[in-house]
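Each chain is listed here by its residues.
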2 protein chains.
Amino acid sequence: MLYRQVKRQLIADIQSGVAAPGAALPNETDLARRFNVSIGTVRRAVDELVAEHVLVRQQGRGTFVGKMDRERFMFQFFKIAGRDGVSEFPQVRLHTFTRSRATREEAQALGLHGTQSVFCIDNVLLLKGRPVIHDHIVIAATMFPGLTEDVFTKRTATIYGLYQSAFGITIVEADERVRAELVSLESARLLNLPAGMPVLRIERVAYTFDRKPAEFRISVVDTRDVDYVSRMRDAA
Amino acid sequence: MLYRQVKRQLIADIQSGVAAPGAALPNETDLARRFNVSIGTVRRAVDELVAEHVLVRQQGRGTFVGKMDRERFMFQFFKIAGRDGVSEFPQVRLHTFTRSRATREEAQALGLHGTQSVFCIDNVLLLKGRPVIHDHIVIAATMFPGLTEDVFTKRTATIYGLYQSAFGITIVEADERVRAELVSLESARLLNLPAGMPVLRIERVAYTFDRKPAEFRISVVDTRDVDYVSRMRDAA
DNA sequence: AAGTGGTCTAGACCACTTG
DNA sequence: AAGTGGTCTAGACCACTTT
């Protein structure tokens with residue numbers, strides 16, 4: 001399992017900031033020398049990290065640390081698409097930004113002990129100018145020190161891009177649980193829906209490396225014009 | 001791209017019946033000789049087929065053609081789980097088995113020209129003895145020649161297992177679109193739900209090799225006790 | 001003991017990008 | 001032309017399973 005050790009070291013370099021998002025890695029022969037393994041072993045480690053979108057290879061140019069840009073976010077973490085299957089980048093409108101104590105459910109999802117301080121962010125996402133998604137985001141205050149409404153609002157990239165560039169936290173995977181419910185009063189108001197409308201409720205726990213929970217998010221989706229899309233192939 | 005050719009040939013062997021589900025493949029050195037490539041190239045082809053669950057490796061024993069048993073079905077294609085996250089194999093109750101002409105929507109999903117003949121199967125799936133899912137399955141009659149209600153009812157394995165063992169069709173991937181709606185009169189009756197209940201509606205197109213559509217399925221799920229679970233990692 | 005897959009090596013040559 | 005990743009080779013040794 002030499003390649004596992006190489007993979008762990010590459011991840012450690014990213015977490016420690018030795019390898020910053022967007023930066024190039026040393027070439028494969030140099031990595032092989034540095035780790036005292038053959039090129040094939042380096043390739044196997046890099047292969048897996050590329051499959052997880054942590055690294056990006058460009059033939060003839062080099063291998064780079066993956067940046068959480070819009071494209072990556074849409075491809076990997078945004079599963080809402082129109083009836084035609086086309087996925088559009090949503091316009092995000094901040095509703096509320098507050099700091100409070102984690103509920104029991106939130107603490108459990110984030111792996112917190114007791115009721116630690118969390119940031120709660122409510123957003124409305126618009127597609128084609130119409131409000132479609134109500135996001136309620138919960139993150140541990142200790143994991144995102146110095147976050148303020150101002151920092152949050154003035155971000156230039158996606159929310160996950162902010163996590164990565166401002167706090168060094170790269171989201172690499174997420175689990176979601178989806179169910180149908182009748183829209184709540186608050187979501188109905190934000191999404192401009194009448195009472196009694198069925199909506200999707202999506203609970204997401206997003207993880208950084210080593211399956212460490214970083215974000216808990218509840219999304220309420222008006223699915224009159226869009227679907228939640230899921231592809232089942234290879235490793236489920 | 002030699003390993004691609006090896007992979008195609010291995011798939012062709014499975015489709016033609018040369019390699020039957022559950023049967024062992026020749027060992028890697030024999031395969032390498034047969035295809036005139038090195039073992040490493042064979043391994044790369046087999047690696048991908050293992051990732052897609054088409055082949056199964058067992059160290060020290062050999063490599064086998066994947067059988068669509070309950071375990072594989074549950075792991076790869078059944079995404080409904082209880083609130084505790086545990087997934088239970090459902091009891092299936094046949095409601096109706098009919099033969100009719102494909103609607104436009106069904107023909108499009110299955111890639112049929114015109115309005116060909118299809119089998120329509122309605123099932124009720126029970127979890128812990130309670131009806132939770134109403135499945136409406138549509139498959140092309142030409143793709144499943146000789147299928148009857150009797151054959152369908154007397155199957156010993158899963159539905160996808162029947163496709164594989166009786167018709168040589170292995171389901172390898174599926175796309176799903178999920179939304180919330182109010183339960184229909186028919187589904188409400190089958191699931192013992194009052195009118196006005198929100199339910200999940202899942203449209204699935206299941207594919208065999210080469211992304212050839214084999215089944216169109218609409219599942220209506222009562223999500224009061226269960227969730228639709230989705231994991232986002234590596235290749236989305 | 002014999003046979004299998006699992007890992008690793010140390011190269012070779014090719015395709016692509018950049019200067 | 002030089003440097004990069006992409007593919008392929010032809011072995012070696014190990015861990016595991018079966019006989």
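Peer 1: How should I be thinking about the overall build of chain A in this particular structure?
Peer 2: From N to C terminus, chain A includes 8 helices and 10 strands. For chain A, the C-alpha radius of gyration of 20 Å lies close to 18 Å, the compact-globule estimate for 236 residues. Expressed as lengths along the three principal axes of its C-alpha atoms, the size of chain A is roughly 65 × 45 × 30 Å. Residues classed as buried in chain A amount to 53% of the 236 residues present. Of the roughly 11,500 Å² that chain A leaves accessible, carbon and sulfur atoms contribute 51%.

Peer 1: How should I be thinking about the relation of the copies chain A and chain B in this particular structure?
Peer 2: Aligned on chain B, chain A shows an RMSD of 0.0 Å; the corresponding rotation is 180 degrees and the shift along the axis is 0.0 Å. Such a combination of rotation and displacement between the chain copies is what one expects of a two-fold axis. Looking at the interface residues of chain A, 100% of them are also at the interface in chain B, so both copies use one shared face.

Peer 1: How should I be thinking about the pairing of strand E9 (residues 212–221) of chain B in this particular structure?
Peer 2: A regular strand places its side chains on the two faces of the sheet in alternate fashion. Residues and elements named next belong to chain B. Where burial is concerned, most of E9 is hidden: 8 out of the 10 residues are buried. As paired strands, strand E6 (residues 130–140) and E9 are joined by 6 bridges and run antiparallel to one another. Note that in E9 the partner of Ile 137 across the bridge is Arg 217. The hairpin formed by strand E8 (residues 198–208) and E9 contains 3 residues between the paired strands, and Asp 210 there has a positive phi angle of roughly 60 degrees.

Peer 1: Please explain the protein's contact with DNA strand C as it appears in this structure.
Peer 2: Surrounding DNA strand C, one finds 21 residues, the nearest of these being A:Leu2, A:Ser38, A:Thr41, B:Asn27 and B:Arg57. Considering DNA strand C, the proportion of its atoms within 4 Å of the protein that are sugar or phosphate atoms stands at 83%. One of the backbone nitrogen or oxygen atoms of B:Glu28 is found 3.1 Å away from a phosphate oxygen of DNA strand C. For the surface near DNA strand C, the secondary-structure elements that each account for two or more residues are helix H1 (2–16) and helix H3 (39–51) of chain A together with strand E1 (55–58) and strand E2 (62–65) of chain B. In the surface near DNA strand C, the residues fall into 4 nonpolar, 11 polar and 6 charged.

Peer 1: I keep staring at the interface of chain A and chain B and nothing clicks. Help me out?
Peer 2: Note on interface size: it is often stated as the accessible area lost on association of the parts. Contacts between the two partners involve 40 residues from chain A and, on the opposite side, 40 residues from chain B. For the pair chain A and chain B, the summed buried area comes to about 3,400 Å², and 51% of that belongs to carbon and sulfur atoms. In this structure, the connection of chain A to chain B is made through 8 salt bridges. Ionic pairing is found between A:Arg177 and B:Asp227, a salt bridge with its closest N-O pair at 2.7 Å. When residues in the side of chain A that touches chain B are grouped by element, the largest group, 10 residues, is from strand E7 (residues 173–182) of chain A. Here the side of chain A that touches chain B is composed, by residue class, of 18 nonpolar, 7 polar and 15 charged.

Peer 1: Whenever I open this one, the packing of helix H2 (residues 28–35) of chain B against helix H3 (residues 39–51) of chain B confuses me. Can you help?
Peer 2: Two measures define how a pair of helices packs: the angle their axes make with one another and the distance between the axes. All names here are of chain B. One can describe the packing of H2 onto H3 by two numbers: an axis separation of 8 Å at closest approach and a directional angle of 105 degrees. Classified by the angle their axes make, H2 and H3 are roughly perpendicular. Of H3, the residues touching H2 (which contributes Glu 28, Thr 29, Leu 31 and Ala 32) are Ile 39, Val 42 and Arg 43. Of the residues belonging to the contact of H2 with H3, the class tally is 4 nonpolar, 1 polar and 2 charged.

Peer 1: For this particular structure, what's the right way to read unusual backbone geometry?
Peer 2: The general pattern is negative phi for most residues beyond glycine and trans for most peptide bonds. Residues and elements named next belong to chain A. Residues other than glycine seldom take positive phi values, yet His 53 does so here, at roughly 65 degrees. Topologically, His 53 is positioned in the loop between H3 and strand E1 (55–58). You will see that Arg 211, though not glycine, has its phi angle at about 55 degrees, which is positive. In this fold, Arg 211 is placed in the loop between strand E8 (198–208) and strand E9 (212–221). For Arg 211, a relative accessible area of 35% translates into the label partly exposed.

Peer 1: Just checking my understanding: could you explain the sheet that holds strand E3 (residues 80–82) of chain B for this structure?
Peer 2: One key point about sheets: their strands pair by backbone hydrogen bonds, in either a parallel or an antiparallel sense. As summarised here, the arrangement of the 8 strands in space is E4(A)-E5(A)-E6(A)-E9(A)-E8(A)-E7(A)-E10(B)-E3(B), forming an open sheet in which the pairing is antiparallel. Among the strands making up the open sheet, the edge pair consists of strand E4 (91–101) of chain A together with E3 of chain B. The mean inter-strand angle of the sheet, taken between neighbouring strand axes irrespective of direction, is 25 degrees. With 10 bridges joining them, E4(A) and strand E5 (residues 117–127) of chain A adopt antiparallel strand pairing. Pairing of A:Ser100 across the sheet is with A:Val118, part of E5(A). Sitting on the sheet, helix H7 (residues 159–167) of chain A is in contact with E5, strand E6 (130–140), E8 and E9 of chain A, with an inclination near 160 degrees to E9(A).

Peer 1: I tried to follow the sheet that holds strand E5 (residues 117–127) of chain B on my own but got confused; where do I start?
Peer 2: One open sheet holds the 8 strands; their spatial order is E3(A)-E10(A)-E7(B)-E8(B)-E9(B)-E6(B)-E5(B)-E4(B), and the pairing between them is antiparallel. The strands lining the two open edges of the sheet, one partner per strand, are strand E3 (80–82) of chain A together with strand E4 (91–101) of chain B. Recorded for the sheet is a direction-independent mean angle of 25 degrees between the axes of neighbouring strands. Where E3(A) meets strand E10 (residues 226–232) of chain A, 3 bridges bridge the pair, whose relative direction is antiparallel. From the neighbouring strand, A:Gly82 faces E10(A), where its bridge partner is A:Val226. Those strands touched by helix H7 (residues 159–167) of chain B are E5, E6, E8 and E9 of chain B, and its axis lies near 160 degrees from that of E9(B).

Cut-offs used in this document
- Residues numbered from 1 in each chain as written.
- Chains lettered and ligands numbered in written order.
- Predicted model: local features only at pLDDT ≥ 70, side-chain atom pairs only at ≥ 80, totals over all residues.
- Heavy atoms only, no water.
- Helix = DSSP H or I, 4+ residues; strand = E, 2+ residues; numbered from the N terminus.
- Rg over C-alpha atoms; globule rule 2.2 N^0.38 Å.
- Buried < 20%, exposed > 50% of the residue type's maximum accessible area, 1.4 Å probe, protein only.
- Areas by Shrake-Rupley, 256 points an atom, 1.4 Å probe, with all protein chains shown as cover.
- Least-squares fit on C-alpha atoms with pLDDT ≥ 70 in both.
- Contact = heavy atoms within 4.5 Å.
- Pairing = 2+ DSSP bridges.
- Near = heavy atom within 4 Å.
- Polar contact = N/O pair within 3.5 Å; in protein donor to acceptor, adjacent residues only side chain to side chain.
- Nonpolar A, V, L, I, M, F, W, Y, C, P; charged D, E, K, R; others polar.
- Buried area = accessible area lost by both parts, 1.4 Å probe.
- Salt bridge = Lys/Arg side-chain N within 4 Å of Asp/Glu carboxyl O.
- Axes fitted to C-alpha atoms, helices over the stretch in contact; angles between N-to-C directions.
- Parallel < 35°, antiparallel > 145°, perpendicular 65-115°, else oblique.

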